[in-house]
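Residues per chain are reported as follows:
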Amino acid sequence: MLSGGDMLIRALHDEGVDLIFGYPGGAVLHIYDAIFNQDKVDHVLVRHEQAATHAADGYARATGRPGVVLVTSGPGATNAITGIATAYMDSIPMVVISGQVTRDSIGLDAFQETDMIGVSRPVVKHSFMVQKAEDIPMVVKQAFHIATSGRPGPVVIDIPKDVTDPGETFPYEYPETAKIRSYSPPTKGHSGQIKKAVEILMNAKKPIIYSGGGVVMGDGAELLTRLAQKLGYPVTNTLMGLGAYPATDKQFVGMLGMHGTYEANMSMNDADVILAIGARFDDRVTNSDVSKFCPDATILHVDIDPAAISKTVTAHVPIVGPVVPVLEEMLEQVNASKVQIDEEALAAWWKKIDHWRERDSLAVTPAEGEVIKPQQVIQALYKVTNGDAYITSDVGQHQMFAAQYYHFDKPRRWINSGGLGTMGFGLPAAVGVQLAFPDAIVACVTGEGSIQMNIQELATCNQCALPIKIVNLNNEALGMVKQWQDMQYGGRHSHSTYADSLPDFVALAESYGHVGIRIEKLSELEEKMKEAFAIKDKLVFIDVCVDPNEHVYPMAIKGGAMSEMFLSKTERT
Amino acid sequence: MRRIVSILLENQPGALSRVVGLFSQRNYNINSLTVAPTDDPTLSRLTITTIGDDRKIEQIIKHLNKIVDVAKLVDLTEGSHIERELLLIKVKATGAQRAEVKRVADIFRGDVVDVTPTMYTIQLTGTSEKLDGFIQALDGTTILEVARSGASGVARGEKILSL
Ligand SMILES: Cc1ncc(C[n+]2csc(CCOP(=O)(O)OP(=O)(O)O)c2C)c(N)n1
Ligand SMILES: [Mg+2]
């Protein structure tokens with residue numbers, strides 16, 4: 001016999017959860033007491049509920065297992081919304097448990113009452129309001145099933161306080177399966193469609209594989225790599241898909257889209273066949289005017305979500321299904337196919353791509369004297385960590401530089417908020433990653449703007465003794481905003497600078513019990529980075545003063561085709 | 001193009017708001033919406049009429065299908081179907097108009113279900129188009145109140161929407 005609170009924690013344990021991120025409050029006190037009374041499910045106390053969701057999210061992205069969050073009602077619940085929305089946009093499996101006022105006070109504007117089901121509705125995959133304690137095991141089972149299957153996403157469980165009352169106990173049994181008759185995500189692709197796609201793919205003259213976050217989240221990276229290498233075709237990844245194909249391999253043409261490489265975007269634009277897999281033709285890829293998007297391409301689109309197919313760009317061959325079984329079947333059919341790839345055409349295609357590559361769109365022009373370019377910091381980071389770190393990021397120029405210059409060879413190493421673009425994501429996400437992999441190198445590439453959105457998590461890092469390395473590309477500005485203002489608003493920097501009011505990040509880090517290092521000169525960049533990463537047992541805040549005038553290039557020209565880009569402040573295609 | 005989508009929805013708290021929320025969230029139109037339990041008390045039947053081109057309708061249907069509480073759905077307008085809506089309308093009926101209103105109601109096979117010395121309450125069922133036609137035919141009279149149920153429908157023949 002268990003109380004509702006005990007049942008909840010027990011059910012989490014039975015579901016395989018050993019770590020949750022949360023913040024207590026009145027409506028969840030029974031649950032916190034249940035946590036106190038056991039030792040199977042660990043709890044990490046964050047300093048803001050938004051950080052709990054990002055930490056759980058980072059944990060989920062790095063491990064593939066669902067992240068779990070516990071927050072109180074009212075402000076605790078609403079604080080979690082940004083993190084839930086972030087996870088929703090990037091299809092991250094997450095279960096968020098929110099306290100609610102007691103059943104008899106729901107609807108009475110009780111203290112700390114918020115309609116969490118209503119507030120979260122547009123940004124969750126599904127949600128449950130627990131009506132009675134006996135329902136807890138099945139609700140938990142169903143919530144995890146929904147969060148982790150099909151196109152993953154966040155699920156909210158809202159629990160009225162009296163449901164977790166320690167004074168009332170019930171028999172407990174954790175269900176084997178979640179019975180949801182109205183929910184049946186696809187388990188494999190349509191063989192006929194796959195056959196059709198393989199045929200087109202093998203007859204292509206100028207093919208490209210465009211893969212996205214779905215391949216990372218669907219654990220399809222290895223199969224994708226095998227398929228691409230079997231075919232010998234070029235591969236581009238979206239911002240969310242980095243690591244799904246090894247970035248240092250010669251078939252990789254870089255990230256595509258708004259800040260994609262010249263060769264990736266040119267190849268897309270010129271392609272005759274595009275295999276889009278686990279990608280959703282987001283406007284940051286297609287550059288908003290879809291009528292100009294890849295005019296000659298036959299589009300083969302694999303996605304687990306039927307609604308993602310032909311949403312913006314019409315697919316000629318849609319395939320709905322999880323990436324792994326679809327890729328397996330594709331590989332089988334490619335191996336069995338009698339079609340000979342036109343090697344001559346492919347060689348000509350590669351020649352063209354290599355010509356675009358020669359443009360070297362990510363070449364870094366060093367600044368004068370000791371001024372550090374932000375790109376050089378990422379290059380140094382890559383070198384110092386041997387390209388083998390988990391990199392979390394915030395949102396802005398630093399994020400794009402990290403994506404462009406840290407060459408991810410493995411999936412789940414690049415952890416960023418792609419869909420929602422949530423500043424403040426990086427540090428709490430790093431908390432989740434470091435807790436999942438205590439011995440791994442975890443670096444958070446951030447900007448002085450973003451880091452201040454969840455800076456309080458330095459305290460969590462201290463409490464949990466997390467040796468995260470924060471790499472702050474300090475350009476003394478909301479750099480990405482400033483770049484747009486430079487390019488589209490005549491250089492009028494409306495509310496995007498604050499150089500006179502920045503904190504001393506080194507002192508700040510130290511006051512939270514960490515190590516702070518400031519890097520101001522190019523000549524000491526690598527050496528000091530090495531020094532920072534040599535500190536294995538402490539968080540190091542590396543505050544790097546970078547060129548405040550740098551822009552991210554290439555940059556897509558608004559409303560243009562994929563081939564239309566600015567390549568520097570003075571050049572365009 | 002006008003479409004009629006019929007949905008079997010889990011009879012769960014909040015399920016309806018997920019469906020309605022989807023329409024506002026994704027900027028889709030709802031022209032009418034009816035909902036009531038079915039013979040199976042765990043399922044509600046919802047009928048939504050909406051307007052959009054094929055691409056939009058395809059998206060609406062895909063997104064509706066993604067809602068966990070949506071058990072099954074069908075676009076009735078894809079095949080031949082039967083559609084009915086109920087109209088209750090109060091019209092001013094005095095003097096010579098009394099007979100005229102009654103005559104129009106008879107033509108449309110409407111029933112006068114309530115009377116006062118100055119008005120009629122008329123009940124009419126049919127397709128939404130027929131109801132529109134009736135209201136238009138009453139153009140010359142004073143319409144006091146209109147209550148329409150929104151369309152409900154089923155496919156013709158042996159096609160059945162059930163679990
Ligand atoms: C929560 C939130 N608010 C606002 C924005 C809009 N925004 C995008 S990038 C950016 C500037 C980020 O500044 P910083 O973190 O210093 O990064 P930088 O671009 O300078 O590298 C802003 C304000 C956002 N993405 N997220
Ligand atoms: Mg900045």
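See the structure shown above.
The model shown is predicted, which means the values in this text are computed figures rather than measured ones.

### What to know about the overall build of chain B
(1) Moving on: When helices and strands are tallied, chain B shows four helices and nine strands.
(2) Moving on: The secondary structure elements of chain B, listed N-terminal to C-terminal, are β-α-β-β-α-β-β-α-β-β-α-β-β.
(3) Moving on: Each of the three principal axes of chain B carries a C-alpha extent, and together these read 55 × 35 × 35 Å.
(4) Moving on: Here chain B holds 163 residues, and 40% of them are scored as buried.
(5) Moving on: With the model as given, the accessible surface of chain B reaches about 8,600 Å², and the carbon-plus-sulfur share is 51%.
(6) Moving on: Charged side chains in chain B number 21 positive and 20 negative. The centres of these two groups are separated by 2 Å.

### Topic: the site of ligand 1
All names here are of chain A.
(1) Moving on: In the vicinity of ligand 1, 18 residues are found, and the nearest of them are Q397, G421, S450, N475 and G479.
(2) Moving on: Here an oxygen atom of ligand 1 and a backbone polar atom of G449 are 3.0 Å apart.
(3) Moving on: One of the backbone N or O atoms of M480 is found 2.9 Å from an oxygen atom in ligand 1.
(4) Moving on: Mapped onto the shell around ligand 1, the elements with two or more residues apiece are helix 15 (397-405) and helix 18 (479-488).
(5) Moving on: For the shell around ligand 1, a count of residues per class yields eight nonpolar, nine polar and one charged.

### What about helix 15 of chain A?
(1) Moving on: The buried fraction of helix 15 of chain A is high, at nine of nine residues.
(2) Moving on: Those residues of helix 15 of chain A not exposed but buried are Q397, H398, Q399, M400, F401, A402, A403, Q404 and Y405 of chain A.

### Quick word on the packing of aromatic side chains
All names here are of chain A.
(1) Moving on: Scanning the model with the defined rule gives 13 aromatic pairs over all chains in all.
(2) Moving on: On the basis of an interplanar angle of 20° and a centroid distance of 6.4 Å, the ring pair of Y245 and F252 is categorised as stacked. Comparing Y245 with F252 shows no difference in burial state: the two are buried.
(3) Moving on: Each ring, one from F281 and one from F293, has its centre 5.7 Å from the other, and the planes form 85°; the classification is edge-to-face. Of this pair, F281 sits in the loop between strand 12 (273-277) and helix 11 (283-286) while F293 sits in the loop between helix 11 and strand 13 (298-303), and the two are 12 residues apart along the sequence. No difference in accessibility class separates F281 from F293, as the two residues are buried.
(4) Moving on: Through successive ring pairs, a cluster of aromatic residues spans Y382, Y406, F408 and W414.
(5) Moving on: Above the face of the Y390 ring, R413 is positioned so that its terminal group lies 4.3 Å from the ring centre.
(6) Moving on: Here the guanidinium or amino end of R572 rests over the ring plane of F566, the centre of that ring lying 5.9 Å away.

### Quick look at the coordination of the magnesium ion (ligand 2)
Any two of four tetrahedral donors ideally make an angle of 109.5 degrees at the metal, while pairs among six octahedral donors ideally make 90 or 180 degrees.
Residues and elements named next belong to chain A.
(1) Moving on: Here the magnesium ion (ligand 2) is held by the protein donor atoms E448 (OE), E448 (OE), N475 (OD1) and A477 (O), which lie 2.1 to 2.6 Å from it.
(2) Moving on: If you look at the magnesium ion (ligand 2), its six donor atoms make angles of 51 to 178° with each other, and the shape they trace is irregular.
(3) Moving on: When the donor residues of the magnesium ion (ligand 2) are listed from N- to C-terminus, their spacing reads E-x26-N-x1-A. For the pair N475 and A477, a shared accessibility class is recorded, and that class is buried.

### Digging into empty space enclosed by the protein
Residue and element names in this part refer to chain A.
(1) Moving on: A full pass over the atoms with the stated rule returns three cavities of 30 Å³ or more.
(2) Moving on: Here the largest cavity is characterised by a volume of approximately 90 Å³.
(3) Moving on: Forming the boundary of the largest cavity are R61, D90, I92, G213, V216, M217, M240, R412, W414, I415 and N416.
(4) Moving on: For the lining of the largest cavity, the secondary structure elements donating two or more residues are helix 8 (213-217) and strand 16 (414-415).
(5) Moving on: It is helix 8 that contributes the most residues to the lining of the largest cavity, three residues altogether.

### Overview of the packing of helix 10 (residues 262-270) of chain A against helix 13 (residues 343-358) of chain A
Residues and elements named next belong to chain A.
(1) Moving on: As a packed pair, helix 10 and helix 13 sit with axes 8 Å apart at the nearest point and diverge in direction by 145°. Handedness of the crossing formed by helix 10 with helix 13: right-handed. Packed against helix 10, whose contacting residues are Y262, E263, M266, S267 and D270, the element helix 13 presents W349, K352, I353, W356 and R357 at the interface.
(2) Moving on: Tallied by class, residues from the contact of helix 10 with helix 13 come to five nonpolar, one polar and four charged.

### A closer look at the state of the cysteines
(1) Moving on: On inspection of all chains with the given rule, the structure shows zero disulfides over all chains.
(2) Moving on: In this structure C461 of chain A is not part of a disulfide, and its nearest cysteine sulfur, from C464 of chain A, lies 7.6 Å away.

### Considerations on the sheet that holds strand 14 (residues 317-320) of chain A
The strands that make up a sheet are held in pairs by hydrogen bonds between backbone atoms, and each pair lies either parallel or antiparallel.
All names here are of chain A.
(1) Moving on: Taken together, the six strands give an open sheet; going across it, the order is 11-10-9-12-13-14, and neighbouring strands pair in parallel fashion. On the outer flanks of this sheet lie strand 11 (252-255) and strand 14, each paired with one strand and no other. Strand-to-strand twist of the sheet, defined as the mean angle between neighbouring strand axes without regard to direction, takes the value 15°.
(2) Moving on: Bridging between strand 9 (residues 207-211) and strand 10 (residues 235-237) involves three bridges; their strand directions are parallel. Within strand 10, the residue paired with I209 across the bridge is V235.
(3) Moving on: Contacting strand 9, strand 10 and strand 12, helix 9 (residues 221-231) runs over the sheet at an angle of about 175° to strand 9.
(4) Moving on: The strands touched by helix 13 within the sheet are strand 9 and strand 11, with strand 11 carrying the most contacts at an inclination of about 45°.

### So, the environment of T314 of chain A
(1) Moving on: Among the secondary structure elements, T314 of chain A is positioned in the loop between strand 13 and strand 14.
(2) Moving on: Of the residues examined, T314 of chain A reaches a relative accessible area of 44% and is grouped as partly exposed.
(3) Moving on: A sequence separation of 194 residues divides T314 of chain A from S120 of chain A, and the C-alpha atoms of the two residues are 30 Å apart.
(4) Moving on: Those residues in contact with T314 of chain A that lie beyond four places of it in its chain are I299 of chain A together with R55 of chain B.

### Some thoughts on the interface of chain B and chain A
(1) Moving on: Counting from both sides, the interface comprises 22 residues of chain B and, opposite them, 22 residues of chain A.
(2) Moving on: Counting each side, the surface lost to burial between chain B and chain A is near 1,600 Å², with a carbon and sulfur contribution of 43%.
(3) Moving on: Sorting the residues of chain B by area buried against chain A places R18, R55 and V68 of chain B first, and these three jointly supply 39% of that buried surface.
(4) Moving on: The interface formed by chain B and chain A includes three salt bridges.

### Describing helix 13 of chain A
What sets the pattern is the α-helix's 3.6 residues per turn: residues three or four places apart point alike.
Residues and elements named next belong to chain A.
(1) Moving on: Its 16 residues give helix 13 an end-to-end C-alpha distance of 22 Å, which sits within 8% of 22 Å, the value for a rise of 1.5 Å per residue.
(2) Moving on: Where helix 13 is concerned, the buried positions are A345, L346, W349, W350, I353 and W356. One face of helix 13 carries all of its buried residues, which in axial projection span an arc of 135°. Opposite the packed face of helix 13, turned more than 90 degrees from it, sit the exposed residues E343, E344, K351, H355 and E358.
(3) Moving on: Looking at the buried residues of helix 13, the elements they touch are strand 9, helix 9, strand 11 and helix 10.
(4) Moving on: One or two residues past the end of helix 13 sits D360, with phi positive at roughly 50°.

Cut-offs used in this document
- Residues numbered from 1 in each chain as written.
- Chains lettered and ligands numbered in written order.
- Predicted model: local features only at pLDDT ≥ 70, side-chain atom pairs only at ≥ 80, totals over all residues.
- Heavy atoms only, no water.
- Helix = DSSP H or I, 4+ residues; strand = E, 2+ residues; numbered from the N terminus.
- Buried < 20%, exposed > 50% of the residue type's maximum accessible area, 1.4 Å probe, protein only.
- Areas by Shrake-Rupley, 256 points an atom, 1.4 Å probe, with all protein chains shown as cover.
- Lys, Arg positive; Asp, Glu negative; His and termini not counted.
- Charge placed at Lys NZ, Arg CZ, Asp CG, Glu CD.
- Near = heavy atom within 4 Å.
- Polar contact = N/O pair within 3.5 Å; in protein donor to acceptor, adjacent residues only side chain to side chain.
- Nonpolar A, V, L, I, M, F, W, Y, C, P; charged D, E, K, R; others polar.
- Phe/Tyr/Trp six-rings, centres within 6.5 Å; stacked < 30°, edge-to-face > 60°.
- Lys NZ or Arg CZ within 6 Å of the ring centre and 35° of its normal.
- Donors = N, O, S within 2.8 Å, 3.2 Å for Na, K, Ca; no water.
- Tetrahedral: all angles 85-135°; square planar, octahedral: opposite > 155°, others 65-115°.
- 1 Å grid on protein atoms, 1.4 Å probe; cavity = no way out; pocket = protein on both sides within 12 Å on 5 of 7 lines; lining within 4 Å.
- Points joined across faces, edges and corners; volume = space filled by probe spheres on them.
- Axes fitted to C-alpha atoms, helices over the stretch in contact; angles between N-to-C directions.
- Left-handed = near helix turned anticlockwise from the far one by under 90°.
- Contact = heavy atoms within 4.5 Å.
- Disulfide = S-S within 2.5 Å.
- Pairing = 2+ DSSP bridges.
- Buried area = accessible area lost by both parts, 1.4 Å probe.
- Salt bridge = Lys/Arg side-chain N within 4 Å of Asp/Glu carboxyl O.
- Expected span 1.5 Å × (residues − 1).
- Arc of directions from axis to C-beta.

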